[in-house]
Structure formats: C-alpha cells, structure tokens
Amino acid sequence: MNAIINSIGIYHPKQKVYNSFFEKRLETSDKWIKERTGIESRFFAATDEYTSDMCIKAALNLSSVYNKDLSDVDFIIVATTTPDQIVPSVASQVQTRLKIPHAGAIDISSACAGFCNGLILAKGLIAAGTHKKILVFGADTLSKVTDFTDRNTCILFEDAAGVVIVEQSEENCLLETITETNGEFGKDLYLTNQKNLINDEEVIANNKLHQNGRVVYKWAIQTLSYGLKSLARKNCIALDEVSFFLPHSANYRLLEAVFHELKIPMDKCLDSVREYGNTSAASIPLAWYNGIMSGKIQKNDILLLMGFGGGFTYGGIGIKNQIENKYV
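In every chain, residue numbers begin from 1 and rise along the written sequence. Per-residue local features of the predicted model are confined to residues with pLDDT of at least 70, and side-chain atom pairs are confined, for both listing and counting, to 80 or more; whole-chain, interface and lining totals are unaffected and use all residues. Each side-chain value is derived from all of the structure's non-hydrogen atoms; neither hydrogens nor water enter the calculation.

Trainee: Teacher, can you tell me more about the overall build of the chain here?
Mentor: On a plain count of helices and strands, the chain comes out with ten helices and 15 strands. For this measure, only C-alpha atoms enter the radius of gyration; the expected value for a globule follows 2.2 Å times N^0.38, where N is the number of residues. Here the chain has a C-alpha radius of gyration of 19 Å; the compact-globule value for 328 residues is 20 Å, and the two agree. For the C-alpha atoms alone, the extent of the chain along its principal axes is close to 60 × 45 × 40 Å. Note on contacts: a residue pair qualifies if any of its non-hydrogen atoms lie within 4.5 Å across the two residues. A fraction of 75% describes how many contacts in the chain between residues 6 or more apart in sequence connect residues 24 or more apart. Accessible surface area values rest on a Shrake-Rupley calculation with a 1.4 Å probe, where residue burial reflects the displayed protein chains alone. Summing over all exposed atoms, the chain offers an accessible surface of approximately 14400 Å²; the carbon and sulfur share of this is 49%. On the chain, the mean spot of the 33 positive side-chain charges and the mean spot of the 37 negative ones are 3 Å from each other. By definition, any uninterrupted DSSP run of H or I lasting at least four residues is a helix, any uninterrupted run of E lasting at least two residues is a strand, and each is numbered from the N terminus. Neither His nor the chain termini are counted; the positive set is Lys and Arg, and the negative set is Asp and Glu. A charged residue contributes its charge at one atom only: NZ of Lys, CZ of Arg, CG of Asp or CD of Glu.

Quick look at the structure:
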C-alpha cells in the first residue's frame, strides 16, 4: 500500500518570549543569543497548558483548514519527550478528547527525531495494510523541563505542536527512509527522574533537561551532513535536485554550518528555530507548515526531512509534497 500526506496543522502557545526575557534573568544578551543560535523569539506554554492540549489544538487546526474528518482515523502516534504524565499516553488522551472511536494510540520517545520516526512508523503501518488513516504528531512542552539557571540550554528549548495525516493512496508520496542510533551518547542529552546515590544517600535527580552542548553540537553537525547525503542517495536524487530540506531546527548556526559544508544555499533549508526556538519533535512540522503558507513549498516538490536528537538517534524520510496552501 502507498501513502500520502495532504493536510497539516500546527499550534503554538500564546505567550511569545523574546530574548530580552533572558537578559533580565541571566548573564546574557539578545546579541549573544542571536549570534550563537539565530533564535529571536519563542513561545512558552501556560502553567495549565500541556502537550496533550497543544496536540488537540493542532489537530483542530488541521481539521478546520483542510476540511478533514478525524472520526475515521484508525491510529494515533504522538512523538514527544514531554508527555503530560507517563500513563495514560498523550495519544490516548488525543483519542478520547477528539472523540475518535476505536483507534490505536501510542506515544513514541525519540526526542527531536520523533516526528520523522512517527512518519516512518505510519508509512510501515499503511504499507502492511493494517491501517488506513493515521494522525502523526510532533509535540513538546520543553519549557516545563528546562533549567532556567543554565544559560546555555534555557535559551534554546520551547513549546509547540504539529500534526499531519498519513493516508492510504494509489500514489506513493512517502518515499525512502533512513534510521540510526548511537546510544553511547545518551549520557550527553537526557531527561530523567531516576534515583541516584550520592555519598550513600538516595537522591532523586532534578527533573530537568541536561545537555552537554559541545558534544551534542559536534555530533549533530556530523550526523546531519552525513544523514542528508545518505537520504538523498537512498531516494536516488542529487542534493541539488531536492526542492527543500526540512532538518530538525535545533540551532540556526548549526544549520548554516552544515549547509555551507554541503554547498547548499540556505534558502533551500526551511527552519522554524529563529521564530519558535528549538521545539524538539514539533520543529519539522512547524517549518513544513510555514513553508507551505509562505508559498515556498509547492505541490509535488521533493522534500527531505531529517530529525536528530537525544539517544543519540536520527531518522529521515523523503516526501513528495501534496499539501497545498488552503489560505490562498
């Protein structure tokens, strides 16, 4: 069975936060943040707003803009590192709150690679003939697990959600994929409630995101460069023949370094990090949505999506774009 994606929805919280927010709290500046990350603004969830809430609003955005009936969705995948709680899953909450009967529902945890891995999983379920219509979300509320005393990380991570529907189709629009993991780097980027022993006393680790920035940055540059070349080869296309690249928006300076190395002009790299910050699993659908709404991405454009993150793990997929701008 072939698969198609012809609808997309996003949501970001109302609270827009500029770099001046951090200038008042830390030894940093708007200039320092822009020079090192490219980030100009981001959005923080409200105190009582969680990942499931953002998923619902993204799904309603998709449904209203693309006139999609969600009642016959038969599987729901939510890629997130920040579920409302461990059990029940965010996907099961989406199922009941959207009144979708009988659908299967799972959360997957692969950090910033989550959305691509969700698409790869949905593609496989469609190909197997076991499912016909699958909601795939990328959503995170990272502001709730960010250490706001760490100036190197707190400026990066923010909140948003994106969603697409993967459906059975006669035409093949979800193309070749790649996946890989380097689990030995797990110690360099993690979020845990695990108990630790310090001086024979049991201490529960602070439930905050921990990142070894230098190690993560170096790995991300190497992985994204290698991964995009590998993904292009697997899809039998040259890099200069790709319409647009949609890598995970971790850091705009990182993207500039990779695309300079690959000799690809930056206008072919669509990001969301400058406006939204690093939204983890939501960053690629945000960039995809904005690329469509801005008129850059057109129907039948070939896109290469590449997510990479905690684990360290990455996943990529080629897409023949069938999503159109419904606001035109």
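Trainee: Looking at this model, I keep getting lost on helix H10 (residues 283-293). Mind explaining?
Mentor: An α-helical segment advances 3.6 residues per turn. Residues three or four places apart therefore align on the same side. Here H10 lies mainly inside the structure; nine of its eleven residues are buried. Just downstream of H10, Gly295 is the residue with a positive phi angle, here 90 degrees. When a residue's accessible area, from a 1.4 Å probe over protein chains only, is under 20% of the maximum for its type it is buried; when over 50% it is exposed; and in between it is partly exposed.

Trainee: What exactly am I supposed to notice about the environment of Phe308 here?
Mentor: With respect to the helices and strands, Phe308 occurs in strand E14 (residues 302-309). Sequence-wise, Phe308 and Thr179 are 129 residues apart; in three dimensions their C-alpha atoms are separated by 9.7 Å. In contact with Phe308, not counting residues within four places along its chain, are Cys112, Ala113, Trp219, Ala220, Leu224, His248, Ala250, Leu254, Thr313 and Tyr314.

Trainee: I keep staring at the nonpolar core and nothing clicks. Help me out?
Mentor: Across soluble globular proteins, nonpolar side chains show a tendency to be buried alongside one another. Counting residues in hydrophobic clusters, the biggest one holds 43 residues, and the most contacted among them are Leu224, Phe245, Leu254 and Phe308. Only helix H2 (30-37), helix H7 (213-234), helix H8 (252-261) and E14 provide two or more residues apiece to this core. With eight residues, the top contributor of residues to this core is H7. With sequence-adjacent residues up to four places away left out, Phe245 is seen in contact with Leu228, Leu239, Phe259, Ile264, Lys268, Cys269, Leu270 and Leu304. Among the buried residues, those of types Ala, Val, Leu, Ile, Met, Phe, Trp, Tyr and Cys that are joined through side-chain atoms within 4.5 Å form a nonpolar core. Counting 41 residues, the second largest nonpolar core, distinct from the first, contains Ile8, Ile10, Ala79 and Tyr289.

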